[in-house]
Amino acid sequence: MRLPQFTYHSPDTLEGVLALLDEHRDNAGVLAGGTDLLVRMKHRLAVPKVLVSLKHLDTLSYIKETSEMVSIGAKTPIIDVIRSNRVQQQAPALGQACERIGAVSIQHFRGTIGGNILQDNRCIHYNQSQFHRTGRQPCHKDGGKICYAREEADRCNSTCQSDGAAALMALGAQLNLCSSKGERQVSLDAFYTTDGIHPFDMQPDELLTRIDIPIVPGAVSVYQRLSFRSAIDYPIVCAGVRLVPDPDDAGCIKSARIVVGAMGRSPLFLAKVSQSLAGKRFDDIAAVAQAGKDAMNTAAAFAAHNAGAALPYRQAMVETMVIRALELAAAQASMKIAR
Amino acid sequence: MQTIDITLTVNDQQQTLPVKSNDTLLEVIRDYLDLTGSKEGCGEGVCGSCTVLLDGHPVRACLTLALEADGCAVTTVEGLADEDTLSPLQQSFIDHGAVQCGFCTPGMLISAKALLDENPSPDRQKLRQALSGNICRCTGYAKIVDAVAHAARPESGCPDCHTKDSGGDHD
Ligand SMILES: Cc1cc2nc3c(=O)[nH]c(=O)nc-3n(C[C@H](O)[C@H](O)[C@H](O)COP(=O)(O)OP(=O)(O)OC[C@H]3O[C@@H](n4cnc5c(N)ncnc54)[C@H](O)[C@@H]3O)c2cc1C
Ligand code: SF4
């Protein structure tokens, strides 16, 4: 499968990249590992006239830690995130998510954490070859006026299947975006539009440079995911949770963040369900079971039938993923107390 | 159309060649250098038959721009044998009947080499994980896993081998 034609640039500096993005805006594509973008280009789902490669921007590849946060450069390869002691200690859910992305020989060495978050939303009706798509009317995301995933939908419901984004949202991560005009910080919670065609609240001249994960003393985090095959396939449901113990009573949950992924246009932070666990004990099985049910009922409405498995199955599995993640997190919290 | 010179060290031989911006590393390896061992299966990163080592790490050559590989060392399946002598890993594939149609074999060998270079004695779980990005439609994987396990520990014989009794790799 040939790639379409484009002009290639690989600037040596961040300023050089930003200047090109500013100049070419919607005509430009950022090339990190290329494991998402190049597939879409082969399918002619993306046809940027100019590719701006981050190849020489090694300054965006790092994992640093201060007393308040772990910071990860956007170009950091997935393998470095998996192997990082800092991530394992301070943000284990992210390490678990990255380990599950695709397969070693697809992304671990070429895929980047920035590209993982910013991979386009997916849909089995859309992410197909050009030949396949010519056999039927275009859908909203392909420039048409219909949706194959949800009948009568007036907009696109493509699914965010990023493993990293769901884990990072559970960890309360912030993104740092740079353009030639300056930089800004946005929390991952507030980074998504509700438009499956343009899922990110980001300008074409902006580059993701850094991801900051707050360090919360005593917090435990877990990521769980379901896919057809354990490797290669994208998640069809996933859950990330972070539980923070009460400093005055380590057996008690002070606050929780429950995020369900691959069930909507963005990872879903379930604020109410999360709130329901505040003040509960880690070993409160009934509260965990209820949270699983509530998560399922809340997330179910967001999903469209476009990730392969039957929609009712994915909806039912939300409960399982959330309960598993919460139970594993609670077990980790009690191990921490025992230590 | 933009043409740029790149330098690649392919199987220990350094070469400079002009590539188009939209050439993939796989196209350069197969069509310019005539190294047709690496295969194009799906062309979209799923199957793994185009896997090569880029600076020692396994990557999909179909999802790597040739321009991105400029200055890198590339190892393809043709680089595994020493002249006419197959590497122990290749020989083990033959001895274990790990090759049927052979289409996935170049990618399997490269993923296996990447693993063994980094971890000379992986357990079976690690081994299966390292090969999990490579799809085989013939063998049921059992004999491939056996072949790599044996290449990793030739002295231990084949205690876990499925080759004699066979069936699928159910562990
Ligand atoms: C077979 C297969 C299986 C896969 N399985 C999974 C999976 O299980 N889970 C999963 O999450 N993903 C999966 N992926 C998708 C993808 O490989 C990964 O998400 C990978 O981490 C993407 O990173 P990349 O650096 O290769 O992204 P790229 O393709 O380089 O970039 C992705 C998008 O982000 C933009 N971009 C990248 N970096 C920046 C930046 N710093 N600033 C602004 N824009 C940027 C690019 O322009 C592009 O639009 C799979 C892909 C394939 C081909
Ligand atoms: S959700 Fe509907 S509009 Fe969006 S990509 Fe799928 S079929 Fe197209």
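On a predicted model such as this, the values are computed, not experimentally measured, just so you know.

> Looking at this structure, how should I read the site of ligand 1?
As a matter of local geometry, ligand 1 sits amid 35 residues, with Val-30, Gly-34, Thr-35, Thr-112 and Arg-225 of chain A nearest to it. Surrounding ligand 1 are residues belonging to chains A and B, so the site spans chains. Between an oxygen atom of ligand 1 and a main-chain N or O atom of Gly-33 of chain A, the distance comes to 2.8 Å. With respect to ligand 1, the side chain of Thr-112 of chain A contributes an N or O atom lying 2.6 Å from an oxygen atom. Computed on the free molecule, ligand 1 has an accessible area of 980 Å², of which 95% lies beneath the protein chains in the complex. Going through the elements one at a time, α2 (37-42), α6 (104-108), α7 (113-118) and β8 (207-214) of chain A are the ones with two or more residues in the shell around ligand 1. With three residues, the top contributor of residues to the shell around ligand 1 is α7 of chain A. Grouping the amino acids of the shell around ligand 1 by side-chain chemistry returns 16 nonpolar, 13 polar and six charged.

> Quick question: what am I supposed to make of the domain arrangement of chain B here?
Residues and elements named next belong to chain B. Once the domains are mapped, chain B shows domain 1 (3-79) and domain 2 (88-156). With 17 residues of domain 1 in contact, the opposing surface of domain 2 contributes 14 residues. Counting the surface lost from both domain 1 and domain 2, the interface buries some 1100 Å², and carbon and sulfur atoms represent 69% of this. If you sort the residues of domain 1 by the area they bury against domain 2, Thr-51, Leu-53 and Val-77 come out on top, with a joint share of 38%. Put simply, domain 1 and domain 2 have zero salt bridges between them. Applying the counting criterion to the domain 1 and domain 2 interface returns three residue pairs in polar contact (both at pLDDT 80 or more). Of all the secondary structure elements, the ones that give two or more residues to the side of domain 1 that touches domain 2 are β3 (51-54) and β4 (57-60). Sorting elements by how many residues they give to the side of domain 1 that touches domain 2 places β3 first, with three residues.

> Please explain the confidence of the model for chain B as it appears in this structure.
A low pLDDT means the predicted coordinates there should not be read in detail. On average, residues of chain B carry a pLDDT of 92, and 93% of them reach 70 or more. Per the prediction output, this complex has pTM 0.96; the corresponding ipTM is 0.95.

> Sorry if this is basic, but what is going on with the domain arrangement of chain A here?
The accessible area lost on association of the parts is a frequent measure of interface size. Residue and element names in this part refer to chain A. If you check the domain split of chain A, you get domain 1 (1-53) and domain 2 (61-118 + 159-338). Each of domain 1 and domain 2 was reduced to a C-alpha centroid, and the two centroids are 27 Å apart. With 11 residues of domain 1 in contact, the opposing surface of domain 2 contributes 15 residues. A combined buried area of about 1100 Å² lies between domain 1 and domain 2, and 61% of that area is made up of carbon and sulfur atoms. Considering only the side of domain 1, the residues that lose the most area to domain 2 are Leu-18, Arg-25 and Thr-35, jointly responsible for 41% of the buried surface there. In this assembly, domain 1 and domain 2 are joined by one salt bridge. Arg-25 is the salt-bridge partner of Asp-205, the closest N and O atoms lying 3.5 Å from each other.

> What is the right way to look at the sheet that holds strand β3 (residues 50-53) of chain A in this model?
Strand-to-strand pairing in sheets goes through backbone hydrogen bonds, with the strands running parallel or antiparallel. Residues and elements named next belong to chain A. Here we have three strands laid out as an open sheet, ordered β1-β3-β2, and parallel in their pairing. In this open sheet, the two edge strands, each paired with only one partner strand, are β1 (7-9) and β2 (28-31). Taking the axes of each pair of neighbouring strands and ignoring which way they run, one obtains an average angle of 25 degrees across the sheet. Pairing of β2 with β3 involves four bridges; the strand directions are parallel. Residue pairing in the sheet places Ala-28 in a bridge with Val-50 of β3. With respect to the sheet, helix α1 (residues 14-24) is in contact with β1, β2 and β3, its orientation differing from that of β3 by roughly 160 degrees.

> Please explain the pattern of salt bridges as it appears in this structure.
Side chains bearing opposite charge may pair, as long as their charged atoms lie close to each other. Residue and element names in this part refer to chain A. Within the structure shown, the criterion is met by 22 salt bridges over all chains. Salt-bridge contacts for Arg-184 lead to Glu-206; the nearest nitrogen and oxygen are separated by 2.7 Å. A residue pair is termed long-range when its members are at least 10 positions apart, and Arg-184 in strand β7 (residues 182-187) and Glu-206 in the loop between β7 and β8 qualify at 22 residues. By relative accessible area, which is 10% here, Glu-206 ends up buried. Its salt-bridge partner being Arg-229, residue Asp-233 comes within 2.9 Å of it at the nearest N-O pair. Overall, the relative accessible area of 16% leaves Asp-233 in the buried class.

Reading the values: rules and limits
Numbering of residues begins from 1 in every chain and follows the order in which that chain's sequence is written. Both sets of labels track the order of writing: A upward for chains, 1 upward for ligands. The predicted nature of this model means local features are confined to residues of pLDDT at least 70 and side-chain atom pairs, given and counted, to a pLDDT of 80 or more, with totals for whole chains, interfaces and linings taken over all residues. Values shown for side chains rest on all heavy atoms present in the structure; no hydrogens or waters enter the calculation. Note on definitions. A residue lies near a molecule or strand when any single heavy atom of the residue is within 4 Å of it. Any pair of N or O atoms that falls within 3.5 Å is considered a polar contact. Within protein, one atom must be able to donate a hydrogen and the other to accept it, and sequence-neighbouring residues count only if both atoms are side-chain atoms. Methods summary: accessible areas were calculated by the Shrake-Rupley approach with a probe of 1.4 Å, and residue burial reflects only the protein chains presented. Runs of H or I in DSSP of at least four residues are treated as helices and runs of E of at least two as strands, each being numbered from the N terminus. Polar here means any residue outside two lists: the nonpolar Ala, Val, Leu, Ile, Met, Phe, Trp, Tyr, Cys and Pro, and the charged Asp, Glu, Lys and Arg; Gly therefore counts as polar. For each domain, the first and last residues come from an automatic or database assignment. Whether two residues are in contact is decided by their heavy atoms, any of which lying within 4.5 Å being enough. A quick way to say it: buried area is the sum, across both parts, of accessible area lost when two parts are put together, with a 1.4 Å probe. By salt bridge we mean one thing: a side-chain nitrogen of Lys or Arg within 4 Å of a carboxyl oxygen of Asp or Glu. Predictor confidence is given residue by residue as pLDDT, running from a minimum of 0 to a maximum of 100. When DSSP finds two or more bridges between a pair of strands, those strands are recorded as paired. For every element, the axis is a line fit to its C-alpha atoms; helices are fit only across the contacting stretch, and the angle between N-to-C directions ranges from 0 to 180 degrees. A 1.4 Å probe rolled over the protein chains alone gives each residue an accessible area, and that area as a share of the maximum for its type sets the label: buried under 20%, exposed over 50%, partly exposed in between.

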